[in-house]
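Spelled out from the first residue to the last, the chains are:
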Amino acid sequence: MKTKIVLIFLLIFTFCNAQKDCDYSTNVNDSLGTYIATKDYIVQEKIFGGKVNHIYFSLEKIDGMPVLKIQTIQKSMNFIQANCFNKDSKVYFQLNNGKIVTLIHKNQENCGTVIRDESGFNNRINTGYFMFLKNSFEILKSAPITLMRIKYAIETHDFVFKSEIVSEIDGKTYNPDTYFINYLKCIE
């Protein structure tokens, strides 16, 4: 009887603490240093009125320093306004337990690149790298994300995080609110 109880407890514990496997796009360790990057992960997708907006996350570790890469991709037939990252840019995450975590942008200005595709659409791709502050890993792993605020050079944008997104781009299911819970282990 005790063996069954212990076995049931272990199965429940294992199931509750199951995390996603790490899926790396790059994993290099050579004489120049180490570089690990997880695959891009959709955390926001908005397709409406001929405009397409995506936000992707990727966790990277460069010579022992963990960073969050945020990539925004906007697509429209009209002009797309630039939202620049600069030394004052930050990302704030509000968790469902009320805690707020701040990540600081690397001191590197970036307004993105505009590419016009063969269909006549303007595509703006912008990438920012944000550093984790002390103790932010533990806080981010403690609860799902409810809101993300990106402070650009001039503007601030808020994004509500969903528990599940079925992407119209690739048809895959993503869980943005638990991204850090599932994937921070990949760069620890």
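The structure displayed is predicted, hence computed values, not measured ones.

Enquirer: Hey, could you go over the pattern of salt bridges for me, with residue numbers and the actual values?
Expert: Under the criterion given, the structure shown has 7 salt bridges. When the shortest N-O distance is used, the salt bridge between Lys-69 and Asp-40 registers 3.6 Å. Taken together, the positions of Lys-69 in strand 5 (residues 65–76) and Asp-40 in the loop between strand 2 (33–38) and strand 3 (41–48) put the pair 29 residues apart, joining distant regions of the chain. Judged by its relative accessible area of 37%, Asp-40 is partly exposed. Note that Lys-141 and Glu-188 form a salt bridge whose closest N and O atoms lie 2.9 Å from each other. Of the two residues, Lys-141 sits in the loop between helix 2 (136–140) and strand 10 (145–151) while Glu-188 sits in the segment after helix 3 (179–183), which places them 47 residues apart along the sequence. Taken together, the shared-partner salt bridges in this structure form one network comprising Glu-138, Lys-141 and Glu-188.

Enquirer: Please set out the pairing of strand 9 (residues 122–131) residue by residue, giving values where relevant.
Expert: Summarising burial for strand 9: 7 of the 10 residues are buried, a large majority. Sheet analysis places strand 5 next to strand 9, joined by 10 bridges and oriented antiparallel. Bridge assignment links Ile-73 to a residue of strand 9, and that residue is Ile-125. Note that strand 7 (residues 100–105) and strand 9 share 2 bridges and pair antiparallel. Its bridge partner lying in strand 9, His-105 is registered against Phe-130. The pairing of strand 8 (residues 113–116) with strand 9 spans 4 bridges and is antiparallel.

Enquirer: Summarise the nonpolar core; cite the residues concerned and give the values.
Expert: Ranked by size, the top nonpolar core spans 34 residues in total, and within it Phe-57, Leu-59, Leu-68, Phe-93, Phe-132, Met-148 and Phe-180 carry the most contacts. Looking at this core element by element, the count peaks at 4 residues for strand 4 (residues 51–62). If near-sequence neighbours (up to four positions away) are discounted, Phe-57 is found in contact with Lys-39, Asp-40, Tyr-41, Val-43, Leu-68, Lys-69, Ile-70, Phe-93, Met-148, Phe-161, Tyr-179 and Phe-180.

Enquirer: I'd love a proper account of the packing of aromatic side chains, names of residues and values included.
Expert: All told, the structure shown has 14 aromatic pairs when counted by the stated rule. In this structure an aromatic cluster arises from ring pairing among Tyr-41, Phe-57, Phe-93, Phe-132, Phe-137, Phe-161, Tyr-174, Tyr-179, Phe-180 and Tyr-183. A cation over an aromatic ring shows up here: Lys-75 above the ring of Phe-121, its NZ or CZ 5.1 Å from the ring centre.

Enquirer: Can you tell me about the state of the cysteines, naming the residues and giving the values?
Expert: Applying the stated criterion across every chain, the model contains 2 disulfides. Between the sulfur atoms of Cys-22 and its disulfide partner Cys-186 the distance amounts to 2.1 Å. One disulfide, between Cys-22 and Cys-186, carries an S-S torsion of -100° and so falls in the left-handed class. Pair noted here: Cys-22 is in the loop between helix 1 (2–16) and strand 1 (24–30) and Cys-186 is in the segment after helix 3, with a separation of 164 residues, a long-range link.

The rules behind each value
- Residues numbered from 1 in each chain as written.
- Predicted model: local features only at pLDDT ≥ 70, side-chain atom pairs only at ≥ 80, totals over all residues.
- Heavy atoms only, no water.
- Salt bridge = Lys/Arg side-chain N within 4 Å of Asp/Glu carboxyl O.
- Helix = DSSP H or I, 4+ residues; strand = E, 2+ residues; numbered from the N terminus.
- Buried < 20%, exposed > 50% of the residue type's maximum accessible area, 1.4 Å probe, protein only.
- Pairing = 2+ DSSP bridges.
- Core = buried A, V, L, I, M, F, W, Y, C linked by side-chain atoms within 4.5 Å.
- Contact = heavy atoms within 4.5 Å.
- Phe/Tyr/Trp six-rings, centres within 6.5 Å; stacked < 30°, edge-to-face > 60°.
- Lys NZ or Arg CZ within 6 Å of the ring centre and 35° of its normal.
- Disulfide = S-S within 2.5 Å.

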